[in-house]
Every structure is written in structure tokens, then in C-alpha cells.
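One letter stands for each residue in the lines below.
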Amino acid sequence: MSELISLIVSVYNEEKGLRQFYDTTKRILEDMRAGKYPALKCTYDYEICFVNDGSTDESGRVLQELKGADQKHVTVVTFSKNFGHEAAMTAGLDYASGNILIFMDADLQHPPELIPEIAKRFEAGFEIVSMARTKNESAGSLKNLTSGLFYKFINKISDTQLIPGASDFFAINDKAAEVLKCNYREKVRFMRGFVQNIGFNKTVIEYEAAERVAGSSHYNMKKLLKLSVDTIICFSDMPLKLGIYAGFAAGIMGVALIIYTFFTRGGAPSGYATIVIVLCFMSAVLFMLLGIIGEYMSILFREIKDKPIYIVRNVEAAEVNRENRDT
Ligand code: UDP
Ligand code: MG
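Since the structure is predicted, the reported quantities are computational estimates derived from the model, not experimental observations. (Residues numbered from 1 in each chain as written. Chains lettered and ligands numbered in written order. Predicted model: local features only at pLDDT ≥ 70, side-chain atom pairs only at ≥ 80, totals over all residues. Heavy atoms only, no water.)

### Observations concerning unusual backbone geometry
For Leu108, which is not glycine, the phi torsion reads 65° and is therefore positive. Relative to the assigned elements, Leu108 resides in the loop between strand E4 (100-105) and helix H4 (115-123). Using a relative accessible area of 10% as the deciding quantity, one classes Leu108 as buried. (Helix = DSSP H or I, 4+ residues; strand = E, 2+ residues; numbered from the N terminus. Buried < 20%, exposed > 50% of the residue type's maximum accessible area, 1.4 Å probe, protein only.)

So, in C-alpha cells, the structure goes:
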């Protein structure tokens, strides 16, 4: 049996590391094509689908050179501007034509050496392979800690479960890809979350994230916080219900105060300070709840406007991509 692997690679200002990424992955994919992995039963061809997410450096030129030298295997999808990593992965999902889609970052933090192991899992009958990061060398202890807390929190308040350390490195077969392509067109997106909640036969491979080959991370703490808030809102309506709990708590406090006042025969509980503290506390809770509702409304607003997830300026498909679509 012959399978086509599509490697989907989001690229935003990665000019320095792109060539090394291409050389490393190409070597492994060529070895797989030549049948140099005895543990694999199928034969594999491959497509490397780069999505240029509005890079402002020389990444576009480097991609053109890679495409020029390897028309057969390289696809380049170029966006009209920067739409973000999730949008880039979505475009890869839409344009790649493989039976196995592997999503990877362009900075070699996701070890390409694991590609044969991923293929092996598909041969064993799995349909989704999630890659869980055990350690992220370059992220720093604060980023690692907050990431751990984030997964714990979201799993507590949401019906859907995310694997701790799940990353944007994952692989799906064509059936799972079809579901994501057709039924998961939200504007506020979190692909690794969608992947873990559409069912199918799933397995996890653990890996250690390496250092970036070049450049620096595009996610600072502010962007990560925004991504976390969006994800919590997309996957849970629990924050919306906080208002009811706060209402109950305030009601119980009120009743307790009435009883207290009654038993002290009308004597005020403890004067000015108490009133000010209770007022401040209650208004803080109220404003926080308003803020939470505001966040949900802003996401609803973005969904209702129904703007495109990404806009493509240009697509140059690999020969294997076109052949696979024609058959
Ligand atoms: N990326 C992208 N669009 C963006 C930001 C990042 O396509 O707006 C790509 C980037 O080129 C890389 C991947 O997404 O291939 C992950 O980004 P990064 O390495 O900065 O994130 P980190 O690994 O630090 O979480
Ligand atoms: Mg990275």
C-alpha cells in the first residue's frame, strides 16, 4: 500500500532556519520513500506544504527557491498578510492532499526524527497521533509552569479533555482531516483541542521540544494569555455560570447579615469600613462577571461577522499534490 504524507509547516519570519528545516525533513522523508525503515510496512511518498503566514522577512524568497528546486514535493501557500499560526494550520489542512497530515513548526522544535514513528502508529490502525511535550528547552520555567497550570485548569472546567503538553505537532489521517475541514470552521481556533475531541482512534507520542534553530519565539506572554483566554471560552461555558454562583453567595451573605442584625436587635454589624469593603468586593465581582460576558460576546461577534479565517494570495501546488487530487 502506498501513502502520501503531507507535512504542514506554518512559516512566519523563519528565513534563517527554513533551509535547515527543509534539508532535515527531506532527508528523513526521502529515506522513508526509499523504504529505508524496515519497521514500516507501507511505502510513502511525501509533500512538504509550507504556509507562508505573511512573513515580512526573506522567508518568501527562501520558499520560492525551495519550490523551484523541488517542484515535485514542495507546496507553497502564501497568505495576503499575517493571520496567525492557527489560520496557517487551517490553510495547510485545506490545501494539502495527503492521506496522512502531519502538522509541524518550521523551527525544528518538533523533532522530524519522529515522522517514521508517527507513520508506524498509523500503520497500527491509529487515526490521530497527538504529540505531547515532556520538556521545552527554550521556553523557560515560567512558560512551562503556566502551560502545565493551563491544561489542568481547562480540563477541570471543560467537558472536553486536552492532553497536558499537547502541542501544535500532531498528525491526522484523511478521515479526521475531512471532519476538521468541513465541521470545524470557527474563526477563534485551537486546532490541537479540536483534534483531541473529534473521536477516532487516538494515540500519544511523547517528545522533548528542542531549541529553536534560529530566530526567536513569536509568542510572548501577552499573546499566550490571549490564546489561553480564547481557548477557555471556546471550550467551556463554565465562566458564564459564575454569575449564578456569585449571586447565590451574595444572597447567603445577605441572609446571614439579616439574621445577625435581627439577633443584635438592630445594631449595625460594624459600621463604615464593613460597608465600604462589601461594596468594593461586590462591585469587583460584578465588573469581573461583566468582563467575562464581554469576552464571550467578542468571540460571538467575531464568529457572526463570518470573515475568512485566512486570505490566500497565491498557491503553488507540488506535483504529488495535484496527482493525488486527480486520482
Ligand atoms: N507562526 C505563524 N504565524 C504567526 C506566528 C507563528 O505561522 O503569526 C509559526 C512560526 O513560524 C512557527 C510556529 O508558528 O513555525 C510556532 O511559532 P513559534 O515557534 O514562534 O511558537 P513557540 O514554539 O515559541 O510556541
Ligand atoms: Mg517554536
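That covers the picture; the talk isn't over yet.
### Some thoughts on the nonpolar core
Formed by 38 residues in total, the largest nonpolar core has its most connected members in Ile5, Leu7, Met32, Phe50, Ile102, Ile115 and Ile118. Beyond its immediate chain neighbours, meaning those up to four positions away, Ile102 contacts Ile5, Ser6, Leu7, Ile8, Ile115, Ile118, Phe169, Phe170 and Ala171. (Core = buried A, V, L, I, M, F, W, Y, C linked by side-chain atoms within 4.5 Å. Contact = heavy atoms within 4.5 Å.)

### Considerations on empty space enclosed by the protein
Overall, the coordinates contain one cavity of 30 Å³ or more when judged by the stated rule. In this structure, the largest cavity occupies an estimated 40 Å³ of space. As for the largest cavity, its lining consists of Ser130, Met131, Ala166, Ser167, Phe169, Phe170, Arg192, Val195 and Gln196. Put simply, the parts of the chain that give the lining of the largest cavity at least two residues each are strand E5 (128-136), strand E6 (166-173) and helix H7 (191-195). Element by element, the count of residues in the lining of the largest cavity is highest for E6, at four residues. Partitioned by chemical class, the residues of the lining of the largest cavity number five nonpolar, three polar and one charged. (1 Å grid on protein atoms, 1.4 Å probe; cavity = no way out; pocket = protein on both sides within 12 Å on 5 of 7 lines; lining within 4 Å. Points joined across faces, edges and corners; volume = space filled by probe spheres on them. Nonpolar A, V, L, I, M, F, W, Y, C, P; charged D, E, K, R; others polar.)

### Observations regarding the site of ligand 1
Taken together, 17 residues form the shell around ligand 1, and within it Glu14, Asp53, Asp107, Ser217 and His218 come nearest. Within the backbone of Tyr12, one N or O atom sits 2.9 Å away from an oxygen atom of ligand 1. Residue His85 places a side-chain N or O atom 3.4 Å away from an oxygen atom belonging to ligand 1. Protein contact buries 90% of the 530 Å² of open area that ligand 1 shows by itself. When the residues that make up the shell around ligand 1 are grouped by side-chain class, the tally is four nonpolar, seven polar and six charged. (Near = heavy atom within 4 Å. Polar contact = N/O pair within 3.5 Å; in protein donor to acceptor, adjacent residues only side chain to side chain. Areas by Shrake-Rupley, 256 points an atom, 1.4 Å probe, with all protein chains shown as cover.)

### What about the packing of aromatic side chains?
Going through the model one piece at a time under the given rule, you end up with nine aromatic pairs. Seen from their ring centres, Phe79 and Tyr310 are 5.1 Å apart, and the 5° between their planes marks the pair as stacked. Residue Phe79 is located in strand E3 (residues 74-79), and its partner Tyr310 is located in the loop between helix H10 (271-305) and strand E8 (312-316); the two are separated by 231 residues in the primary sequence. The same class applies to Phe79 and to Tyr310, which are both buried. Seen from their ring centres, Phe150 and Tyr151 are 5.4 Å apart, and the 70° between their planes marks the pair as edge-to-face. The residues Phe150 and Tyr151 share a single accessibility class, namely buried. Every member of this aromatic cluster is reached through a ring pair, and the members are Tyr184, Phe190, Phe194 and Phe235. (Phe/Tyr/Trp six-rings, centres within 6.5 Å; stacked < 30°, edge-to-face > 60°.)

### Concerning a nonpolar patch on the surface
Taken together, the side chains of Leu142, Leu145, Leu149 and Met221 make up a nonpolar region of the molecular surface, amounting to roughly 400 Å² of accessible area. At three residues, the largest contribution of residues to the nonpolar patch is made by helix H5 (residues 140-157). The topology assignment puts Leu145 in helix H5. Judged by relative accessible area, Leu145 falls into the exposed class, the value being 52%. (Patch = residues over 30% accessible without salt bridge, like charges linked within 9 Å, V, L, I, M, F, W, Y side chains within 5 Å. Salt bridge = Lys/Arg side-chain N within 4 Å of Asp/Glu carboxyl O.)

### As for the confidence of the model for the protein chain
Per-chain confidence: the protein chain averages 90 in pLDDT, with 96% of residues scoring 70 or above. Of all helices and strands in the protein chain, the one with the weakest mean pLDDT is H5 (81), whereas E3 scores best (97). (pLDDT = per-residue confidence, 0-100.)

### Description of the pairing of E3
Where burial is concerned, most of E3 is hidden: six out of the six residues are buried. Two strands pair when backbone bridges link them, and strand E2 (residues 43-52) and E3 are joined in this way by five bridges, in the parallel orientation. Within E3, the residue paired with Asn52 across the bridge is Thr78. (Pairing = 2+ DSSP bridges.)

### A short note on the packing of helix H1 (residues 18-33) against H4
The axes of two packed helices give the description: the angle between them and the distance between them. Close contact between H1 and H4 brings their axes to 10 Å; oriented N to C, the two are set at 45°. By the angle between their axes, H1 is oblique relative to H4. Of the residues in H4, those in contact with Ile28, Leu29 and Met32 of H1 are Ile115, Pro116 and Ala119. (Axes fitted to C-alpha atoms, helices over the stretch in contact; angles between N-to-C directions. Parallel < 35°, antiparallel > 145°, perpendicular 65-115°, else oblique.)

### Quick notes on the pattern of salt bridges
With the rule as written, the count across this model stands at 18 salt bridges. A salt bridge links Glu65 to Arg19; the nearest nitrogen and oxygen atoms lie 2.1 Å apart. Taken together, the positions of Glu65 in helix H2 (residues 59-69) and Arg19 in helix H1 put the pair 46 residues apart, joining distant regions of the chain. Taking the relative accessible area as the measure of exposure, Arg19 reaches 38% and is therefore partly exposed. A salt bridge links Asp31 to Lys36; its shortest N-O distance comes to 3.5 Å. The partly exposed category is assigned to Asp31, whose relative accessible area is 23%. Lys36 gets classed as exposed once you look at its relative accessible area, which sits at 56%. What you see here is one network of salt bridges that share partners, running through Lys26, Glu30, Arg33, Asp45 and Asp70.

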